[in-house]
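Here is what each chain is made of, one letter per residue.
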Amino acid sequence: MINKPHSIAITIMGKEYRIACDLEDQDDLLQSAQDLDMQMRKMRDSGKVNGADRIAVIAALNLAHELQVAKNQNAMLKQRLEESLAKISNKIENVLESP
């Protein structure tokens, strides 16, 4: 069965947007919208960034940076896990090969 996207409403800085979304992704999209709304409101309220467009671009850049940092951390953790598994595998092989 193919999931048919449906439209949900999200509100960011007081503006409502209708977004097509698969049902299984709805909770994640709503949480992402809340996170973006909170970050944009903080920027607006700080007075350091003016204009909705500029706030949106800076917020998107901040979120993209956070995502890149998380990807880099994930890659490092994956590499460490692979190295640890290789060491464990070698130890197991050595134990099984010894008389």
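Residues numbered from 1 in each chain as written. Predicted model: local features only at pLDDT ≥ 70, side-chain atom pairs only at ≥ 80, totals over all residues. Heavy atoms only, no water.

A. Spatial organisation of the overall build of the chain. Helices and strands together make up the secondary structure of the chain, namely 2 helices and 2 strands. Mapped from its N terminus to its C terminus, the chain presents α and β elements in the order β-β-α-α. Rg of the C-alpha trace for the chain: 22 Å, well past the compact-globule value of 13 Å for 99 residues, more than 25% over. C-alpha atoms of the chain, sized along the principal axes, occupy 75 × 45 × 15 Å. Put simply, 21% of the contacts in the chain that link residues at least 6 apart link residues at least 24 apart. For the chain, the computed accessible surface area is about 8,200 Å², with 56% contributed by carbon and sulfur atoms. For the chain, the separation between the mean place of its 13 positive charges and that of its 15 negative charges on side chains is 7 Å. (Helix = DSSP H or I, 4+ residues; strand = E, 2+ residues; numbered from the N terminus. Rg over C-alpha atoms; globule rule 2.2 N^0.38 Å. Contact = heavy atoms within 4.5 Å. Areas by Shrake-Rupley, 256 points an atom, 1.4 Å probe, with all protein chains shown as cover. Lys, Arg positive; Asp, Glu negative; His and termini not counted. Charge placed at Lys NZ, Arg CZ, Asp CG, Glu CD.)

B. Seen up close, the environment of K91. You can see K91 is positioned in helix α2 (residues 52-97). Taking the C-alpha atoms as reference points, K91 and Q68, 23 residues apart in sequence, are found 35 Å from one another.

C. Local environment of a nonpolar patch on the surface. Where nonpolar side chains cluster on the molecular surface, the patch consists of L81, L85, I88, I92 and L96 and spans about 520 Å² of accessible area. Along the polypeptide, I92 turns up in helix α2. The class of I92 is partly exposed, set by a relative accessible area of 46%. (Patch = residues over 30% accessible without salt bridge, like charges linked within 9 Å, V, L, I, M, F, W, Y side chains within 5 Å. Salt bridge = Lys/Arg side-chain N within 4 Å of Asp/Glu carboxyl O. Buried < 20%, exposed > 50% of the residue type's maximum accessible area, 1.4 Å probe, protein only.)

D. A look at the nonpolar core. One finds I8, I10, I12, M13, C21, A33, M40, M43, V49, I55 and A59 forming the largest nonpolar core, which totals 11 residues. Those elements that provide at least two residues to this core are β1 (6-12), α1 (26-46) and α2. In this structure, A59 is in contact with L36, Q39, M40 and M43, ignoring residues within four places of it in sequence. (Core = buried A, V, L, I, M, F, W, Y, C linked by side-chain atoms within 4.5 Å.)

E. Seen up close, the environment of A60. Tracing the sequence through the fold places A60 in helix α2. Sequence spacing of A60 and N74 is 14 residues, and the spatial spacing of their C-alpha atoms is 21 Å.

F. A look at a negative patch on the surface. A contiguous patch of negative charge on the surface is contributed by E24, D25, D27 and D28. Residue position: E24 is located in the loop between β2 (15-21) and α1. A relative accessible area of 48% means that E24 is categorised as partly exposed.

G. How the structure looks around the pairing of β1. Across 7 bridges, β1 lies against β2 in antiparallel orientation. For I10, the partnering residue across the bridge sits in β2 and is Y17. (Pairing = 2+ DSSP bridges.)

H. Layout of the pattern of salt bridges. Evaluation of the coordinates by the stated rule reveals 2 salt bridges. Residue R44 pairs with D45 through a salt bridge whose shortest N-O separation is 3.1 Å.

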